[in-house]
Amino acid sequence: MIKRVFIFTALILSTSYSVYCAPNILKNVRYHSYPNKTRIVLDAKDAITYTIEKTGSGKIHIRLHNIIPVNKFSQIRYFLFFPIYPHVTINDRIVKKVKLKPAYHSIDAVFKLNTRGASYNIFYLKNPARLVLDFIKVSDRRKIKVIVIDPGHGGNDSGAVRRHKKGLIFSYKVKEKDINLEIAKRVKKYLRGTDTRVILTRERDEFISLKNRVKLAKKHKADIFVSIHANAAWDKKMMGIETYYPRKARNKNVSLRKESMKLAESIHESLIRHMRSKDRGVKDTMFYVLRNAYMPAVLVEVGFISNHYDAKLLRKSSYRKEVAQVIAQGILEYKNEVEKQKGE
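Just so we're clear, the structure is a prediction, and the values are computed from it rather than from any experiment.

Novice: I'm lost on the pattern of salt bridges in this one. Help?
Specialist: Side-chain pairs of opposite charge can arise whenever the charged atoms involved come near each other. For the structure on display, the rule yields 16 salt bridges. Between R280 and E242 there is a salt bridge, and its shortest N-O distance comes to 2.9 Å. Taken together, the positions of R280 in strand β19 (residues 279-285) and E242 in strand β18 (residues 241-246) put the pair 38 residues apart, joining distant regions of the chain. Residue classification places E242 among the buried positions, given a relative accessible area of 3%. A salt bridge links K283 to E242, with the nearest nitrogen and oxygen atoms 2.8 Å apart. You can see K283 sitting in strand β19 and its partner E242 sitting in strand β18, a full 41 residues away along the chain. Of the residues examined, K283 reaches a relative accessible area of 28% and is grouped as partly exposed. By sharing partners, the salt bridges in this structure join E182, R186 and R320 into a single network.

Structure (structure tokens):
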């Protein structure tokens with residue numbers, strides 16, 4: 001009887017593993033060249049999860065997780081002792097080739113570029129599942145060159161704080177200032193190599209006045225300003241993500257307010273599309289850093305520390321990493337839209 005129970009349990013465990021841990025399949029890599037844009041599509045069986053590992057002037061490295069390639073992308077040849085990885089040759093005005101380096105249940109996709117004057121955008125589409133990468137050649141006269149990321153609060157200003165209990169005695173605090181800083185640093189990392197200079201208003205746990213945050217953005221002639229915060233409310237049921245733009249821009253500049261709204265919508269839509277959070281919408285407000293900015297400016301509230309569910313997610317470094325990646329993607333979508341040339 002014990003033996004039968006053991007065999008039955010083993011069968012259940014093996015079946016569960018195959019259902020929940022079976023890797024995704026990369027089925028195809030295809031592309032289309034336009035005059036000022038190259039679109040590369042990675043077709044897969046299911047949704048693709050990825051991280052941006054490294055970017056440089058002529059190369060972008062993305063890791064696809066829990067995925068294996070079909071046969072034509074899994075065969076590695078050798079010249080002497082040097083491996084020759086499967087690749088797709090494009091060789092148009094923007095992209096030279098895509099190299100695929102299969103590893104255990106992951107694939108490193110390396111995109112080699114033919115030009116330094118290119119920005120890129122990544123987004124996921126369903127039915128069928130595919131990851132789309134747009135590489136866009138941009139003109140200098142319409143370029144976003146400097147991005148300022150503002151981690152809210154810092155130093156003696158902790159922002160929202162939530163105390164968590166761990167066991168009967170030990171407890172610890174989750175501070176908004178720490179969440180903001182980690183997300184901002186990761187956003188900077190994900191934007192690295194995208195032909196822009198990314199500046200943080202603070203790189204460590206220190207207090208920076210609102211006035212000096214705006215001054216720093218002006219000093220570096222920032223093209224966009226993104227402030228990152230976590231929310232809190234007396235009502236513990238309030239949860240979700242909301243994004244703000246200025247109700248009135250500096251000097252009543254209508255076009256500046258309009259561009260701020262576009263940037264807010266781009267980042268917010270990216271967050272709602274990818275994150276497991278309630279959509280609280282895009283709103284206008286009179287926050288100091290927004291109404292006094294000299295460039296398109298937004299403030300992103302990534303969740304409510306005061307809400308149990310949101311706080312549980314925001315405590316996880318993996319979740320903060322995903323939030324940063326999606327914010328960076330929203331910034332890139334706005335950037336590419338601004339830099340798009342006529343006739344594309």
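And the narrative resumes.
Novice: Just to check I follow, could you spell out the nonpolar core for this structure?
Specialist: One recurring pattern in soluble globular proteins: nonpolar side chains tend to sit buried together. Judged by nonpolar contacts, the single largest core of 68 residues is most densely connected at F135, I149, V187, I327 and I331. The element contributing the most residues to this core is helix α7 (residues 317-339), with 9 residues. Sequence-distant contacts of I149, defined by excluding residues within four places in its chain, comprise A184, V187, V198, I199, L200, T201, V226, I228 and I331. Membership of the second largest hydrophobic core comes to 14 residues, among which are V146, A222, F225 and A293.

Novice: Explain helix α2 (residues 176-191) here, please?
Specialist: Every α-helical turn comprises 3.6 residues, leaving residues that sit three or four positions apart pointing alike. For α2, spanning 16 residues, the distance from its first C-alpha to its last is 23 Å, which sits close to the expected 22 Å at 1.5 Å a residue. All buried positions along α2 are accounted for by E176, K177, I179, N180, L181, E182, I183, A184, V187, Y190 and L191. Following α2 by one or two positions, G193 adopts a phi angle in the positive range, close to 85°.

Novice: How should I be thinking about the pairing of strand β11 (residues 118-125) in this particular structure?
Specialist: Consecutive side chains along a regular strand alternate between the two faces of the sheet. Of all the 8 residues making up β11, 6 are buried; the element is thus mostly covered by neighbouring parts of the structure. The pairing of β11 with strand β12 (residues 130-137) spans 8 bridges and is antiparallel. Paired with I122 across the bridge in β12 is L133. Counting the residues in the hairpin turn of β11 and β12 gives 4 residues, including N127, whose phi is positive at 50°.

Rules and cut-offs
Residues numbered from 1 in each chain as written. Predicted model: local features only at pLDDT ≥ 70, side-chain atom pairs only at ≥ 80, totals over all residues. Heavy atoms only, no water. Salt bridge = Lys/Arg side-chain N within 4 Å of Asp/Glu carboxyl O. Helix = DSSP H or I, 4+ residues; strand = E, 2+ residues; numbered from the N terminus. Buried < 20%, exposed > 50% of the residue type's maximum accessible area, 1.4 Å probe, protein only. Core = buried A, V, L, I, M, F, W, Y, C linked by side-chain atoms within 4.5 Å. Contact = heavy atoms within 4.5 Å. Expected span 1.5 Å × (residues − 1). Pairing = 2+ DSSP bridges.

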